[in-house]
Amino acid sequence: MSEETSAPPRRRLKPAARRAQIIEAAKVVWSRTGARRTTVRHIANEAGITEHFVYQRFGSREEIFRLAVLAPLDEALSHLLTRLRGVKSGPKDDALRRIHEVILAELPAMIPLMSAAQFADPVEGPRFFGGTLMPAVRACLLMPMMSLTGLPARSPWMNLAIRALMGAHFGVALETTLENKAVDIARVANEFARTVGRGFPAVRRGLPALPAKRSSPSPVAAATADQASARKLMPRAERVAVILAAARAVFLTHGLRGARTREIADRAGITEAFLLRIFVSKKHLYDAAVLEPLAAALADLAKRTRELTAPPREMLAAYLRLALPFFTANGPLFVGALFAELGEAREYFRTALVPHLREIELAIAPGVPRGIDPCTVRRALSGACWGVSFGASLDSRDAVMLELLMLGSQAR
């Protein structure tokens, strides 16, 4: 028998122990391979058993996913809630530092589970984020944040503060996961407390007047809004642009593995054969539609950050004003490129994005207090911008509110 057809050796385990082993194997595979790529065969191989044996213990791949990903994620969120409720009242800086320590301790282990849950299904993924994840996060943070800031629960400032705080921690957790490193909880919590979220206690002293509300469509949504006219004859360059916009929308919904070139072709108003004459493979199209634009956009953000002429004390606020519109426009690309399939994202992150991130850190370093790592500050501010903009409709007031909450700056 060949190695491919022979069943891997397996130890005799009691049924409950075997189910637990399969669930643990599924966690490992989904975290490494991504939701769309994972099959029952992959799980069986990881567990050292046959695919048939897995189906003797579980009725479907969906049942395994629920037990291996969704249930542990729910448990992790419940644990986070319990720990945050245990944060005692006291000096505001100490309370904020303890909140940072709790989230930094719990969130990194949740990143792979969140990755699998968000991109497991084009319908259920978004429903999970908007219907389960963010409400649970809000429940975790609402009471500590009300105590810290004095803001009403339903205040728009409270909503923004919770999204920003969670986004800041998410930025640290995701990047350390991509780097295969652990978070230095005590150090990073101290750096957070000294540099970001300084406005949370300050809002107790009164909120500034905000400018009139003005909203604008999401750049990503706008990029796909013109697809209805895609079937008309057009020059090649315009046709390529339409194809890339259609591909980007499909990839951001389904991920690389789940996307189908036929759906992309239909959205672009062309045949699948014509699509593959222009882009020789789905991976080639994915690179052109998602990875290359993201790297180019980040390079531009790094360039504009280097060109900032703000004095040191205003440098972080100046970067925040650049970063919020950047993440509003490109946040979905970050999710698609880095979060959908963590196992394949690490090399892209290291080679294509990290050099530009380091440029940003060098540029903002004069505004970072002595003894604090500019990388921590950049991750926190960038993550806050992503957290505020992801899945939300922003208006002109949000930049003012975010600057005040994160840095304690005066509203402009």
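**Quick look at the pattern of salt bridges**
Two side chains carrying opposite charge are able to pair once their charged atoms lie near each other.
Logical step 1: Within the structure shown, the criterion is met by 20 salt bridges.
Logical step 2: Among the salt bridges present, the one from Glu347 reaches Arg350, with a minimum N-O distance of 2.6 Å. Of the two residues, Glu347 and Arg350 are both situated in helix α16 (residues 342-364); the distance of 3 residues between them amounts to about one turn of the helix.
Logical step 3: Glu347 sits in the partly exposed class, given a relative accessible area of 44%.
Logical step 4: With relative accessibility at 52%, the residue Arg350 sits in the exposed group.
Logical step 5: When salt bridges that share partners are traced, they join Glu175, Glu179, Arg358, Glu361, Arg378 and Arg379 into one network.

**Considering the nonpolar core**
Logical step 1: Leu141, Phe251, Leu353, Leu402 and Met406 are the most contacted members of the largest nonpolar core, which has 135 residues in total.
Logical step 2: The element that contributes the greatest number of residues to this core is helix α15 (residues 312-339), accounting for 16 residues.
Logical step 3: Residue contacts for Leu353: discarding those within four places in its chain leaves Leu294, Ala295, Leu298, Phe334, Leu338 and Tyr348.

**Considerations on helix α14 (residues 282-306)**
Logical step 1: Compared with the 36 Å implied by 1.5 Å per residue over 25 residues, the 35 Å span of α14 between its first and last C-alpha is a close match.
Logical step 2: The principal kink in α14, of about 35°, is found at Ala288.

**Re the packing of helix α7 (residues 156-178) against helix α18 (residues 396-407)**
Logical step 1: At a closest axis distance of 10 Å, the pairing of α7 and α18 adopts a crossing angle of 65°. As for how α7 packs across α18, the hand of that crossing is right-handed. Along the contact surface, α7 presents Pro156, Trp157, Leu160, Ala161, Ala164 and Ala168, while α18 presents Asp398, Met401, Leu402, Leu404, Leu405 and Met406.
Logical step 2: When grouped by side-chain class, the residues that make up the contact of α7 with α18 number 11 nonpolar, no polar and 1 charged.

The rules behind each value
Residues numbered from 1 in each chain as written. Predicted model: local features only at pLDDT ≥ 70, side-chain atom pairs only at ≥ 80, totals over all residues. Heavy atoms only, no water. Salt bridge = Lys/Arg side-chain N within 4 Å of Asp/Glu carboxyl O. Helix = DSSP H or I, 4+ residues; strand = E, 2+ residues; numbered from the N terminus. Buried < 20%, exposed > 50% of the residue type's maximum accessible area, 1.4 Å probe, protein only. Core = buried A, V, L, I, M, F, W, Y, C linked by side-chain atoms within 4.5 Å. Contact = heavy atoms within 4.5 Å. Expected span 1.5 Å × (residues − 1). Bend = angle between axes of the 7 residues up to and from the residue. Axes fitted to C-alpha atoms, helices over the stretch in contact; angles between N-to-C directions. Left-handed = near helix turned anticlockwise from the far one by under 90°. Nonpolar A, V, L, I, M, F, W, Y, C, P; charged D, E, K, R; others polar.

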